[in-house]
Amino acid sequence: MVIVSGQVKARARAALKDNRMSAAIMTGIVIGVYVLLAVLSQLVSTVLDINSDTVSVNWVMNIGSIRDIDYLLLKVFGSLFSLTLITPLMLGFERSVVCMYDGRRAEVSDLFYYFGGVRRWLGAVKYKFLLGVRLILWFVLLLIPSAVCAALGEMSYYIFGERYSDMAAGLLGGGQTVLTLAALAVWLIIALGYFAADYCYILGEDSTARGCISHSKRLARGHRAELFGLAVSLFWWIVLCVLLFPALYVVPYVTAAFAFASAQFIGEEKRTSADRASAD
């Protein structure tokens, strides 16, 4: 099956036409929770008088530094709150978009679907956590060559001597830039393979993160160029998300475009499997 970017986006716009208000409200709620968590984090920082003079922890190879261990702990707890609150909300939002694909009206109550029971909520949190961990591990793994270049650049004076240290540092700096860009490109290709994982989970195609990822990668096989084209065509829309009011339309639109592409792939796979079963 071939994804026609224009057709997918046209269908997304048509579906949102009858659900614009509910989609905007749900987007506003998700953004509001994000903002609330950020404000609470800043408030706690102010109340506890967290500053950057307490503890300093230097990372290996001078990649970066954590100026304040209290600030780090605050960020960790903030991430946990985001995982347990934002993740189920986002999955609920994506579920409401899938309802639009089937021609049903999206309801604001769909946003809270994954809060309808501890087991359902824990399943959603566990799934998104494992998916996020896999993406982060891939990103870190791909950045290792770039980090090695950065470390060698810092030690160029001791490795190459005073005479060649500047030239070596320049070459290694250029190599670090190239390797970083290559890592980002490869990571994007890998991430595109996960495009349908959420929808496989929402539609009940698979119940585990591994199963959803494997299913998504199978659906994306041979179609990454089309998915990349769809993502590029939506890039400038995504840029508008830095502004609040455009985001109320853009977030549902971009989500619907990828949801509809995923639903098309899943539907086509089911039809192909049914045809093969009937032929046998």
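It should be emphasised that the depicted structure is a prediction, and the values quoted were computed from it without experimental measurement. (Residues numbered from 1 in each chain as written. Predicted model: local features only at pLDDT ≥ 70, side-chain atom pairs only at ≥ 80, totals over all residues. Heavy atoms only, no water.)

1. Details of the overall build of the chain
Piece 1. When you go through the chain residue by residue, the secondary structure sums to 10 helices and two strands.
Piece 2. Listed N to C, the secondary structure of the chain is α-α-β-β-α-α-α-α-α-α-α-α in terms of helices and strands.
Piece 3. Residues classed as buried in the chain amount to 34% of the 280 residues present.
Piece 4. Element-wise, carbon and sulfur atoms account for 66% of the exposed surface of the chain, whose accessible area totals about 16400 Å². (Helix = DSSP H or I, 4+ residues; strand = E, 2+ residues; numbered from the N terminus. Buried < 20%, exposed > 50% of the residue type's maximum accessible area, 1.4 Å probe, protein only. Areas by Shrake-Rupley, 256 points an atom, 1.4 Å probe, with all protein chains shown as cover.)

2. Structural notes on the confidence of the model for the chain
Piece 1. Here the chain shows a mean pLDDT of 78. Residues at 70 or above account for 79%.
Piece 2. In the predicted structure, residues 51–67 sits below a pLDDT of 50 and forms 23 contacts with residues beyond four places in sequence or in another chain. (pLDDT = per-residue confidence, 0-100. Contact = heavy atoms within 4.5 Å.)

3. Quick word on a nonpolar patch on the surface
Piece 1. On the surface, V76, F77, L80, F81, L85, F112 and F115 cluster together to form a nonpolar patch covering roughly 630 Å² of accessible area.
Piece 2. Here L85 lies in helix α3 (residues 69–101). (Patch = residues over 30% accessible without salt bridge, like charges linked within 9 Å, V, L, I, M, F, W, Y side chains within 5 Å. Salt bridge = Lys/Arg side-chain N within 4 Å of Asp/Glu carboxyl O.)

4. What about the state of the cysteines?
Note on terminology: disulfide describes a covalent bond linking the sulfur atoms of two cysteines.
Piece 1. For the structure on display, the rule yields zero disulfides.
Piece 2. Free of any disulfide, C200 has its nearest cysteine sulfur in C212, 5.8 Å distant.
Piece 3. Owing to a relative accessible area of 0%, C200 belongs among the buried residues under this scheme. (Disulfide = S-S within 2.5 Å.)

5. Some details on helix α7 (residues 209–220)
Since there are 3.6 residues in each turn of an α-helix, residues three or four apart along the chain are aligned in direction.
Piece 1. Over its 12 residues, α7 extends 16 Å from the first C-alpha to the last, a length consistent with the 16 Å expected when each residue adds 1.5 Å.
Piece 2. Turning to α7, its buried residues number three or more, namely A209, G211, C212, I213, H215, S216, L219 and A220.
Piece 3. Once α7 finishes, G222 follows within two positions and takes phi at roughly 85°, a positive value. (Expected span 1.5 Å × (residues − 1).)

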